[in-house]
Amino acid sequence: MTVTAPSAYSVEEGEWAFAEPEPQSPPRRALTWRQIASRQIMAGLAVLFIALVHVVNINNWPLFFDDEGTYVAEAWAVYTRGDLAHYTYWYDHPPGGWLQLAAFFVPLNLLGIESSVLVGRYVMVLYTAVTSGLIFKLGRNLGLRVPAALAGMLLWGLCPLVIFEARQVMLDNMATAWLMGALICATSRRQYLSRHLLAGVCFAMAILTKETTVVLAPALLFALWTHAYKATRWFSVMASFMMTVLVVAIYPLYAVLKSELVSGQGHVSLQDAIAFQLMDRTGSGSVWDPTSVAYETVKSWLFYDQILLVAGLAAGLVCLALRNVRVIGLCLLIFSVVALRPGGYLPLMYVIAVLPFAALAVVGVGQWLFDQIAQVRINGAKVGRWLALVAAVVAAVALGSQWAAKNAYALTNRPNDPYYSALHHVVEHVDRSSTILVDDSYWNPLVDAGWSSDGWRGAIWYFKVDLDPVARESTLPNGWKDIDYILVNDVMVRNFDGLSKLPQVSDAYKHSHVLEQWGTGQDQVQLRKINEDMVPYRSVAEAARAKPGVPPVLEPEAGTEQEATVTKRNSFSNGQWTVGKDITPGTYQQE
C-alpha cells in the first residue's frame, strides 16, 4: 500500500493513523467546445428572434409621444451644440440616457441619417437585444439551467407589455440594461474584485440614466454579499459601493461647477429638481383607489398583459424562500413596496425595470417546480419527469395563445399614420418663418426640414411656453399671441386641460380654429391657426370638438353692429347659441 500523506499521528502507538476521507460530490464534467458553442448559438438565435419581433412595425406602433421626442431632441443638442438639452437643462433627469443616445446618433448622422423618434426606437431595439442576453446570463449565474434561462429571456422579450414599453425611447429601457449588467457582475461565479468594481460602475450608470434605479441598491448589496469570497467580502462590497458613489458624484459635481447645486435667483438647480421629484410633484394616489392615476396606470399595464406581471410578482414571493434566486425575489419586493407607497408618483414606464425580474422569477420557480414533479414515481416508475415536461408544454401553449392576438395587433396596427400625414402637410404647406407649437416628437423632424433650432423662432416645444417664462418673454413678448399655429394631438390636449398648469398654451388653443385634421380619437392630430381676434372657445374641451372648415367667430369691431361683423358658425358644440347671430340658420345632424 502506498501512502502519500498522513492525516494524523498517534504518539502512544508510535505509528501513522489515517482519517477517513470526507465524501465529496463528483466533479462537474467540463463542457466541450461544441456544447459551449451550441448554448451560445441557441441564446444568440433567441436574441435575434426577439429583436426581429420588436423591429416589425416599429415605425407605426405604438403611438409616438412627447417624452420620446424630448430624449431624442436632448441627444441632438448634445452632439450638435454641446448642450445637455435643446432648452434650458433643469436637472429633471440625469443626462446619462441621452448621452448614450447621442453616442449612437453621431455615427448615424455622419452617414446622413437624421435623428428622429423612429431612429431612437431602433436604438432601443439594440438595448432590448442586449437586455435579453443579459437576462439569460443572469439566470445562468443564479443556477438556472439552459432551457430555463432561454425560457426567461423569451418570456420577457415576447411579452406584449414589454413589446409596448421596450420599443419606445425611454430612459428606463437603457437603465434596465445597466442594472442587469450590475447584477451579473455581482453574482459572477468568478469572485474577482474586478467584477465587483464593474458591478459598482454599471449600477452608477443605471442611476445616471434613470435615477429611480437607485431603489435597488439593497438588492445589489445583498447579491454582492452573498456571492463574494467570504475572506474578502467586506472589502469587495465596500469597493463596489465606493465605485458607485464616485461615478454618480460626477452629476452633483457638474452642478457645482455650473454654480447650480443649490437653489438661487435666476438659475436652475439640482436642489430644486430633487425637491420637485420628492416633494412637489403631484402624487399618483393609491393603486387600490379606482379614481387615482396610479390605479389607471396599473390598469393600463394589465391591458397589455395580465400574465407576466401578476405571475412574476407572485413568483417573487416564492423566490424569497429559494436560496439561488432570492435576490430576484428581493428586487421584486423592493419594486412592489415603492409602487405601493401612499402618495407616491407612479409613472407609466416604471414597470419596464420590473419585467425582467418578473420573467426570471417565473422561470426560477418553474424550474424548482419541475424538479419537484420530476421526482414523482408511480409503482416505482419515474414518470415525474414526463409529467413535468407535459405541464411545461401546456403552459407554453396556453401562454402563446394568450399573447398571439395582442402581439399580432402590435405588429400590424398603424396609429402613427396621422402623425406622418400631419408632418408631411406642415413641411409642404406651412411657411418656415412661422412659429408653431408642437410636442417634442415633431421637434426634430421640423428642425431637419428647415425650421429654426433655437426653440423659439420656429418649432416650439409647447411645455416651454409656460414653464420657461424668462426665455418666452424675451422672444415672445406677447405670449401666445406671437404664435401662428399649433399642431396638437390628444395627449397635448389632456396635458394642458388644466388651465392653472399651462395657461398660455390653453389660451392659444382656445383662440384657434382647425385648418386640417387627420385620424380620430386618441390618434387624432389637428393643425390649428391661432387668431387672437376670434371669440375664444369657453373651454379646452369645447375647442377640442371643433371641426375643420368651421370659420372662427371674430370679435366685433368697435362702433359697429355685432351682427354685421360676426362670421357665423355652420357647426357648433354643446352650449347656448343664437340662430342668426352665432350660427347659420339651417338643418343640422348630430354626429
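Bear in mind the structure is a predicted one, so any value in this text is a computation, not a measurement.

When its secondary structure is counted, the protein shows 25 helices and nine strands. For the protein, the proportion of contacts with a sequence separation of at least 24, taken over those separated by at least 6, is 66%. For the protein, the accessible surface area stands at approximately 30100 Å², while carbon and sulfur atoms represent 61% of it.

Turning our attention to the environment of Ala 392. As for its position among the elements, Ala 392 is in helix 17 (residues 384-412). Along the chain, Ala 392 and Gly 366 lie 26 residues apart, while their C-alpha atoms are 8.5 Å from each other.

Of the pockets and cavities examined, the second largest pocket occupies roughly 1100 Å³. Lining the second largest pocket are 30 residues, and of these Ala 151, Val 363, Gly 366, Ala 392 and Ala 395 lie nearest its centre. Ranked by residues supplied to the lining of the second largest pocket, first place goes to helix 17 with 11 residues. Partitioning the lining of the second largest pocket into residue classes produces 25 nonpolar, three polar and two charged.

Another point: a nonpolar patch on the surface. A grouping of Leu 221, Trp 225, Trp 234, Met 238, Phe 241, Met 242 and Val 245 is seen on the molecular surface, where their side chains present a nonpolar patch of about 670 Å² in accessible area. Listed by contribution, the elements that provide at least two residues to the nonpolar patch are helix 9 (217-227) and helix 10 (233-248). The greatest single-element share of the nonpolar patch, amounting to five residues, is contributed by helix 10. According to the relative accessible area criterion, Met 238 is partly exposed, its value standing at 41%.

This model, assessed by the stated rule, comprises nine salt bridges. Notably, a salt bridge pairs Arg 538 with Glu 542, separated by 3.2 Å at the nearest N-O pair.

What follows covers unusual backbone geometry. With omega at -5°, the peptide bond leading from Trp 61 into Pro 62 counts as cis. In this model, Asn 57 sits at a positive phi of 65°, which is unusual for a non-glycine residue. With respect to the helices and strands, Asn 57 occurs in the loop between helix 1 (33-55) and helix 2 (66-81). Phi angles above zero are rare outside glycine, and Ser 259 is one such case at about 55°. Mapped onto the elements, Ser 259 comes out in the loop between helix 11 (250-257) and helix 12 (270-280).

So, about the side chain of Thr 297. Along the chain, the position of Thr 297 falls in helix 13 (residues 293-304). When residues no more than four places from it in sequence are discounted, the contact partners of Thr 297 are Leu 346, Pro 347 and Leu 348.

Buried within helix 14 (residues 308-319) we find Leu 308, Leu 309, Gly 312, Ala 315, Gly 316 and Cys 319. Projected onto a plane normal to the axis of helix 14, the buried residues spread over an arc of 130° and lie on a single side. Lining the buried residues of helix 14 we find helix 5 (146-157), helix 13, helix 15 (326-340), helix 16 (354-374) and helix 17.

Keep in mind that low pLDDT regions are not for reading the predicted coordinates in detail. Predicted confidence across the protein gives a mean pLDDT of 88, with 88% of residues reaching 70 or more. Every residue in residues 1-26 scores below 50 in pLDDT, and together they form 13 contacts with partners more than four places removed in sequence or on other chains. Confidence drops under a pLDDT of 50 for residues 562-570, and excluding neighbours within four residues, the segment shows 30 contacts in the predicted structure.

Tallied over the entire structure, the rule returns three cavities of 30 Å³ or more. Taken as a whole, the largest cavity holds about 110 Å³ of empty space. Asp 172, Ala 175, Thr 176, Leu 179, Lys 210, Thr 212, Thr 213, Phe 335, Pro 347, Met 349, Tyr 350 and Ala 353 are the residues that line the largest cavity. At four residues, the largest contribution of residues to the lining of the largest cavity is made by helix 7 (residues 171-186). Grouping the constituent residues of the lining of the largest cavity by class yields seven nonpolar, three polar and two charged.

Right, let's get into the environment of Leu 476. In this structure, Leu 476 sits in the loop between helix 21 (469-475) and strand 7 (485-489). For Leu 476, a relative accessible area of 4% gives the class buried. Spatially, the C-alpha atom of Leu 476 lies 7.8 Å from that of Trp 456, the residues being 20 residues apart in sequence. Look past the residues within four positions of Leu 476 in its chain and what remains in contact with it is Trp 456, Ile 460, Asp 482 and Ile 483.

This next bit is on the packing of helix 1 against helix 5. Contact geometry of helix 1 with helix 5 gives a least axis separation of 10 Å together with a crossing angle of 10°. One finds that helix 1 runs roughly parallel with respect to helix 5. Where helix 1 abuts helix 5, its residues Arg 39, Met 42, Ala 43, Ala 46, Val 47, Phe 49, Ile 50 and His 54 lie against Val 146, Leu 150, Met 153, Leu 154 and Gly 157. Considering only residue class, the contact of helix 1 with helix 5 consists of 10 nonpolar, two polar and one charged.

Taken in spatial order, the five strands make up an open sheet running 6-5-7-9-8, and their pairing is mixed. The open sheet has two edge strands, strand 6 (459-461) and strand 8 (512-518), and neither has a second partner. For this sheet the average axis-to-axis angle between neighbouring strands, irrespective of direction, equals 25°. With six bridges joining them, strand 8 and strand 9 (residues 525-530) adopt antiparallel strand pairing.

Parameters at a glance
Residues numbered from 1 in each chain as written. Predicted model: local features only at pLDDT ≥ 70, side-chain atom pairs only at ≥ 80, totals over all residues. Heavy atoms only, no water. Helix = DSSP H or I, 4+ residues; strand = E, 2+ residues; numbered from the N terminus. Contact = heavy atoms within 4.5 Å. Areas by Shrake-Rupley, 256 points an atom, 1.4 Å probe, with all protein chains shown as cover. 1 Å grid on protein atoms, 1.4 Å probe; cavity = no way out; pocket = protein on both sides within 12 Å on 5 of 7 lines; lining within 4 Å. Points joined across faces, edges and corners; volume = space filled by probe spheres on them. Nonpolar A, V, L, I, M, F, W, Y, C, P; charged D, E, K, R; others polar. Patch = residues over 30% accessible without salt bridge, like charges linked within 9 Å, V, L, I, M, F, W, Y side chains within 5 Å. Salt bridge = Lys/Arg side-chain N within 4 Å of Asp/Glu carboxyl O. Buried < 20%, exposed > 50% of the residue type's maximum accessible area, 1.4 Å probe, protein only. Arc of directions from axis to C-beta. pLDDT = per-residue confidence, 0-100. Axes fitted to C-alpha atoms, helices over the stretch in contact; angles between N-to-C directions. Parallel < 35°, antiparallel > 145°, perpendicular 65-115°, else oblique. Pairing = 2+ DSSP bridges.

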